[in-house]
Amino acid sequence: MVGRRGARLALVLAAVLVAQGCWFQAGYDAKRAGSNGGETAVTAATVAGLAPAWTVTGGVGGGLREPLVFGGTVYVRGNGSVVAVDTATGASRWAASIGGSAAPVLADNRLWVPETSNGCSLVPVDRGTGALGARVTFGGPPLSGSLGFSLCIAGDAVSAGGRVATTWSYAGVTMAPHSGCPNFQVAANGSGLAAVNTASPATTEWTTGGLATSCTVTPPTPPPAFAQLSSDETTLFSPGTTGFGRCTLAGCGSGGSVPAGTTVVPVATVLATGDLAVAATDGRVLRLDPVTGAPRWTGTVGAPLAVPLAATSSTIFAAGTDGTVAAFPLAGCGAATCAPAWTATLPAAAADRPSVGADVLYVGGGDGTVTALPATGCGAATCTALWTGSVGAAVSAPPVIDGGALYVGTTSGTLTAFRLPA
C-alpha cells in the first residue's frame, strides 16, 4: 500500500512540475540541446494561436540571456543583474545586482549566478527571495585600490551530476617592489574551469588552469575564455578550434580533436546517443565521437553557421547566417556526408540557438521576429512557418518554450511571454 501511495504521489508531483514548467539552465539541460520533451500545451496543431501575454520592460539590463523557468517564476539574466518575474503576469518578484552577464543555472533549490568583477565567483541566490548567499571564488586574486587592479570574466554555468561548473578568464596587475621587475609591476593572466559541489558549496571543489606572471608596463587583457560547457551528467565538454576538453565531474582529463582545419562554434550539443554535435563556421554540421572526436557523419547546410545547434532524440537542427534552417536525421543518411532532410527560410538570420518544444522548432531572429517551424518536418523538402511573432527588437538569446508559454528576450532588455488563448 505504501508503495502504491508513493507511486501516486510521484505521479502527482511530476504533473505539478510539468504544469509549473521547468527550464533549469541554458539549453534546457546540461546537454545544451535546447529541447523540452515535456512540453505538451503548444504543439504544431496549436502554435498558430500564440499571442503576447505580457512584456517586461526595464530593470533587467540589456542583452537578455536565455530565461530559466521553474515554480511559476521566470529568472532573467541581463547585463549586471538578475530579475525574477511571475510567469502568469510578468510582475516582478525580486531583482539582484550581480556583475557580468553569464548564464546562471537552477540547482539544489537555488539560482547559481556566475559573477564577473575584479575576481570571479559563483553567487548562490535564494530563488524565492533573491537573497545572495556566500560567494564561492575562483580564478586569480581580486585586486583594487593600492593593491593594483584586476578583471575576472566568469562564463556561463552548467549544472550536472551535483556540480555547478563554469569557466574563468583573469588578468591583473599589482605593485611588487621585490619582484625584480624594472617598474615594480607584476602582471598575471590565465584561464580555466571551476566546479562547486552543491551538497557542500562553501568552497570550490576543483579548478583547472592557472596564472602566468610577467613584468609589464602595459595592462594585460584576459585571455579568451573556454567555450560554453556542456555535459552528459558524467563528463564536461568544452570545444575549441582544434579540439575539445573533457573533464569528469570530479576533475579534468584528456580531450579529443575536431577534424583538422575545422573552426567550430564553441558549444557542443550532447546527443541522445552520447555523441557530440558541433556547428562549423564553414556551414557544416558534425556528429563526433565524444572521446576521439572522429566524425560519424557531416551535414552540409549551404550557409555559414554562427550559432549552436539544437537537437531532439531524432533530429539535429542548424541555423545559417543567411536565414536558412536545416534539419538532419540524428542517425545520418548512410553516407559520410548528408544533405538536410528539410530546410526552411527565416525572415532574418537566427540570433542564437533554436529551441524545441513538443513538435515545434522556435527560432529568434536578429530582426525581432520569432518563427515556429514543424520540428518533425512537413513531408516536403522545404517547410514554411507555422507561426511568426514579433518582439520589437533583435532577439538576444534562444527562445524558451515551457509550461505552455514561449519566452523571448531582446537586446533592448525586454522579455515577452506568448501564450495560447485561455
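The rules we used
- Residues numbered from 1 in each chain as written.
- Predicted model: local features only at pLDDT ≥ 70, side-chain atom pairs only at ≥ 80, totals over all residues.
- Heavy atoms only, no water.
- Helix = DSSP H or I, 4+ residues; strand = E, 2+ residues; numbered from the N terminus.
- Rg over C-alpha atoms; globule rule 2.2 N^0.38 Å.
- Buried < 20%, exposed > 50% of the residue type's maximum accessible area, 1.4 Å probe, protein only.
- Contact = heavy atoms within 4.5 Å.
- Areas by Shrake-Rupley, 256 points an atom, 1.4 Å probe, with all protein chains shown as cover.
- Disulfide = S-S within 2.5 Å.
- Pairing = 2+ DSSP bridges.
- Salt bridge = Lys/Arg side-chain N within 4 Å of Asp/Glu carboxyl O.
- Core = buried A, V, L, I, M, F, W, Y, C linked by side-chain atoms within 4.5 Å.
- Phe/Tyr/Trp six-rings, centres within 6.5 Å; stacked < 30°, edge-to-face > 60°.

Caption draft 1: Geometry of the overall build of the chain. Assigned secondary structure in the chain consists of one helix and 37 strands. The C-alpha atoms of the chain give 22 Å as radius of gyration, which agrees with the globular expectation for 422 residues (22 Å, within 12%). For the chain, buried positions account for 53% of its 422 residues. For the chain, restricting intrachain contacts to residue pairs at least 6 apart in sequence, the fraction spanning at least 24 positions comes to 53%. Here the chain has roughly 16200 Å² of accessible surface; of this, 58% comes from carbon and sulfur atoms.

Caption draft 2: Region of the structure containing the state of the cysteines. The tally for this structure, following the rule as stated, stands at four disulfides. Two residues, Cys 333 and Cys 338, share a disulfide whose sulfurs are 2.2 Å apart. The chirality of the disulfide connecting Cys 333 with Cys 338 is left-handed, given an S-S dihedral of about -90°. On the accessibility criterion, Cys 333 (44% relative accessible area) is partly exposed. Between the sulfur atoms of Cys 378 and its disulfide mate Cys 383 the distance is 2.2 Å. On the S-S bond that ties Cys 378 to Cys 383, the torsion sits near -95°, and the link is left-handed. Residue Cys 378 is classed as partly exposed on the basis of its relative accessible area, which comes to 38%. Look at Cys 383 and you get buried, because its relative accessible area is 4%.

Caption draft 3: Inspection of the sheet that holds strand E30 (residues 342-345) at higher detail. Within the open sheet, the four strands sit side by side as E26-E27-E28-E30. Their pairing is antiparallel. Whereas interior strands pair on both sides, the edge strands pair on one side only; in this sheet they are strand E26 (310-311) and E30. Note that strand E27 (residues 315-319) and strand E28 (residues 324-329) share five bridges and pair antiparallel. Following the sheet pairing, Ala 319 is matched in E28 by Val 325.

Caption draft 4: The environment of Val 360, seen in detail. Position of Val 360 among the secondary structure elements: in strand E32 (residues 360-364). You can call Val 360 buried: its relative accessible area is 0%.

Caption draft 5: Highlighting the sheet that holds strand E29 (residues 337-338). Spatial ordering of the open sheet is given by E22-E23-E24-E25-E29, a layout of five strands whose pairing is mixed. Of all strands in the sheet, those with a lone pairing partner are strand E22 (269-270) and E29, marking the two edges. Direction of pairing for strand E24 (residues 284-288) relative to strand E25 (residues 295-300): antiparallel, over a ladder of five bridges. The residue of E25 that forms the bridge with Arg 284 is Thr 300.

Caption draft 6: Summary view of the environment of Ala 30. Tracing the sequence through the fold places Ala 30 in the loop between strand E1 (22-23) and strand E2 (35-36). Taking the C-alpha atoms as reference points, Ala 30 and Thr 269, 239 residues apart in sequence, are found 9.0 Å from one another. Dropping the residues within four chain positions of it, Ala 30 is found in contact with Gln 25, Val 158, Ser 159, Ala 160, Ser 230, Ser 231 and Glu 233.

Caption draft 7: Region of the structure containing the side chain of Thr 369. When you line up the elements, Thr 369 lands in strand E33 (residues 369-374). We classify Thr 369 as buried; its relative accessible area is 14%. If sequence neighbours within four positions are ignored, Thr 369 has contacts with Pro 347, Val 363, Gly 364, Thr 388, Gly 389, Ser 390 and Val 395.

Caption draft 8: Structural context of the pattern of salt bridges. Applying the stated criterion to the full structure yields ten salt bridges. One salt bridge in this structure joins Arg 65 and Asp 156, with 2.8 Å as the shortest N-O distance. One end of the pair, Arg 65, is in the loop between strand E3 (51-56) and strand E4 (68-70); the other, Asp 156, is in the loop between strand E12 (149-154) and strand E13 (158-160), with 91 residues separating them in the sequence. The closest approach of N and O atoms between Arg 353 and Glu 66, which form a salt bridge, is 3.1 Å. On the criterion of sequence distance, the pair formed by Arg 353 in the loop between E30 and strand E31 (355-357) and Glu 66 in the loop between E3 and E4 is long-range, its members being 287 residues apart. Taken together, the salt bridges that share partners define one network made up of Asp 275, Arg 287, Asp 289 and Arg 296.

Caption draft 9: Spatial organisation of the nonpolar core. Grouped together as the largest cluster of nonpolar side chains are 43 residues, with contacts concentrated most on Leu 111, Tyr 362, Leu 406, Tyr 407 and Leu 415. Once residues lying within four places of it in the same chain are set aside, the contact partners of Leu 415 are Trp 54, Thr 55, Val 56, Leu 64, Pro 67, Val 74, Val 76, Val 85, Tyr 407, Val 408 and Gly 409.

Caption draft 10: Representation of the environment of Ala 202. One can find Ala 202 in the loop between strand E15 (185-197) and strand E16 (206-207). Along the chain, Ala 202 and Arg 135 lie 67 residues apart, while their C-alpha atoms are 8.0 Å from each other.

Caption draft 11: Highlighting the packing of aromatic side chains. Applying the stated criterion across every chain, the model contains eight aromatic pairs. Seen in terms of ring centroids, Trp 54 and Tyr 407 are 6.1 Å apart; in terms of plane orientation they differ by 45°. Their pairing is tilted. Of this pair, Trp 54 sits in strand E3 while Tyr 407 is found in strand E36 (residues 405-409), placing the two residues 353 residues apart along the sequence. Both residues of the pair, Trp 54 and Tyr 407, count as buried.

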